[in-house]
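Working through the structure, step by step
Listed here are the chains, written in short residue letters.
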Amino acid sequence: MKPSVFDGHCDTISRLARMPMERLAGNSGKWDLDRVDCFGQQAQFFAIFWDSALPMTKSVVKREFKVFRKECKMYRDRIQHCRTAREAKDAMAQGKVAAFLSVEGAELIGCSLKGLQEAYDEGVRAVNLTWNHANALSGSHMDHPEQGLTPLGVEYVQKMQQLGMLVDVSHLSDPGFWGVMEAATKPIIASHSNSRAVFSHTRNLTDEQFTAIMKNHGVAGLNAYAAFLGEGPVTGDTLLAHLEHFLSLGWEKNVALGGDWDGCDRLPQGYTGVWSWAEFYETLLRHNYPESLVKDLFFNNLMRTVRQVCTM
């Protein structure tokens, strides 16, 4: 039986906006609608992303929203924009990919409550408070990493949870993370972050942060970007080491997938795209992981969090 998969992060829409001759199907990237038939049910968060230090941010973001709508319409018999777990269930029952929409860096929508509401109305259901740049909400993991949530950042988190949007702490500063945990009343996610105990990188989460997310009933998604997995040759076993460390902390219900497809230039050896999760699935079964645990990791844990938070 083909595995079901729910992946928390890819930058494919941003890539397609930069490469107008490519489509969501039949492209040369790392998330391709023609090459995901190795999965059963499938859901995916597609990120709106642009480096806000570059010019034309507003126009590029508008174009990416347009590209997402256009691609979903073009392939409407194969993929459907979803806002809730119920909509995803209905889409997958029809054999379609359930496509959720996120924004990677709140500065892309103005770091304002008005911009947040507009993004929600556009169908966005997850927002990274920062990308690599600090903004009006918080410092990031690499820009003003000592800065936590600002008063606006606290208000922003509260508004997101009121609306039914997932607060995404990947890329956030450590003080910003703890500010989110203090403000949050609903589960949050780290959509594409690995273990700092396994590989010390500021993009990865500490054991204390993992434990806080576990107590919050949220999830963290394994990131396939080799730069966040380890030094030297990075393989599927390196990725497995991050998973095993998570599980050693009691994270069976709180680990998910967030491959960062089309957002990274280096993957573990032998991995070429989102379809490589199918190989990882078989690897886990060969290592005698219980199939129920693997199914939770691949699909159920992230879908549960979406079900709990994205209710409208």
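Look up a bit, the structure's there.
Residues numbered from 1 in each chain as written. Predicted model: local features only at pLDDT ≥ 70, side-chain atom pairs only at ≥ 80, totals over all residues. Heavy atoms only, no water.

With respect to the environment of Phe-280
Here Phe-280 shows up in helix H9 (residues 276-286). For Phe-280, a relative accessible area of 0% corresponds to the buried category. Taking the C-alpha atoms as reference points, Phe-280 and Leu-240, 40 residues apart in sequence, are found 8.6 Å from one another. Excluding anything up to four places from it in sequence, Phe-280 contacts Leu-222, Gly-236, Leu-239, Leu-240, Leu-243, Tyr-271, Leu-297 and Phe-298. (Helix = DSSP H or I, 4+ residues; strand = E, 2+ residues; numbered from the N terminus. Buried < 20%, exposed > 50% of the residue type's maximum accessible area, 1.4 Å probe, protein only. Contact = heavy atoms within 4.5 Å.)

A short note on the side chain of Thr-57
Along the chain, Thr-57 turns up in helix H2 (residues 57-74). Setting aside residues no more than four positions away along its own chain, Thr-57 makes contact with Trp-50, Asp-51, Ser-52 and Leu-108.

Remarks on empty space enclosed by the protein
All told, the structure shown has two cavities of 30 Å³ or more when counted by the stated rule. Of the volumes computed, that of the largest cavity is approximately 60 Å³. Tallied by class, the residues present in the lining of the largest cavity amount to four nonpolar, six polar and three charged. There is about 30 Å³ of room inside the second largest cavity. In terms of lining, the second largest cavity is formed by Gly-8, Ile-189, Ala-190, Ser-191, Val-219, Gly-221, Ala-256, Leu-257 and Leu-302. Mapped onto the lining of the second largest cavity, the elements with two or more residues apiece are strand E7 (189-190), strand E8 (219-222) and strand E9 (255-257). The residue makeup of the lining of the second largest cavity, split by class, is six nonpolar, three polar and no charged. (1 Å grid on protein atoms, 1.4 Å probe; cavity = no way out; pocket = protein on both sides within 12 Å on 5 of 7 lines; lining within 4 Å. Points joined across faces, edges and corners; volume = space filled by probe spheres on them. Nonpolar A, V, L, I, M, F, W, Y, C, P; charged D, E, K, R; others polar.)

A word on the packing of aromatic side chains
Under the defined criterion, the tally for this structure stands at 17 aromatic pairs. Here Phe-246 and Trp-251 contribute two aromatic rings whose centre-to-centre distance is 5.9 Å and whose plane-to-plane angle is 35°, an arrangement assigned as tilted. Taken as a pair, Phe-246 and Trp-251 share a single burial class, namely buried. Where Tyr-281 meets Phe-298, the ring centres are 4.9 Å apart and the plane angle is 85°; that geometry is what we call edge-to-face. Within this pair, whereas Tyr-281 is found in helix H9, its partner Phe-298 is found in helix H10 (residues 291-309), the two being separated by 17 residues in sequence. For Tyr-281, a relative accessible area of 4% gives the class buried. On the accessibility criterion, Phe-298 (0% relative accessible area) is buried. Put simply, the rings of Trp-261, Trp-277, Phe-280, Tyr-281 and Phe-298 touch in pairs and so form one group of aromatic residues. The ring of Tyr-120 has Arg-125 lying over it, and the distance from NZ or CZ to the ring centre is 3.8 Å. (Phe/Tyr/Trp six-rings, centres within 6.5 Å; stacked < 30°, edge-to-face > 60°. Lys NZ or Arg CZ within 6 Å of the ring centre and 35° of its normal.)

What about unusual backbone geometry?
Of note in the backbone geometry, His-171 takes a positive phi value of approximately 85° without being a glycine. Its location among the elements puts His-171 in the loop between strand E6 (166-168) and helix H6 (174-183). Residue class for His-171 comes out buried when judged on its relative accessible area of 7%. Even without a glycine there, the phi angle at Asp-262 is positive, about 65°. Within the element layout of this structure, Asp-262 appears in the loop between E9 and H9.

With respect to the packing of helix H3 (residues 85-93) against H10
Relative to each other, H3 and H10 sit at 135°, their axes nearing to 9 Å. By the angle between their directions, the pair H3 and H10 is classed as oblique. Touching Ala-85, Ala-88 and Met-92 of H3 are Phe-299, Met-303, Val-306 and Arg-307, all from H10. Partitioned by chemical class, the residues of the contact of H3 with H10 number six nonpolar, no polar and one charged. (Axes fitted to C-alpha atoms, helices over the stretch in contact; angles between N-to-C directions. Parallel < 35°, antiparallel > 145°, perpendicular 65-115°, else oblique.)

A short note on the layout of surface pockets
Of the pockets and cavities examined, the largest pocket occupies roughly 380 Å³. Those elements that provide at least two residues to the lining of the largest pocket are H2 and helix H4 (113-122). The dominant element in the lining of the largest pocket, judged by the number of residues it contributes, is H2, at six residues. Considering only residue class, the lining of the largest pocket consists of five nonpolar, four polar and seven charged.

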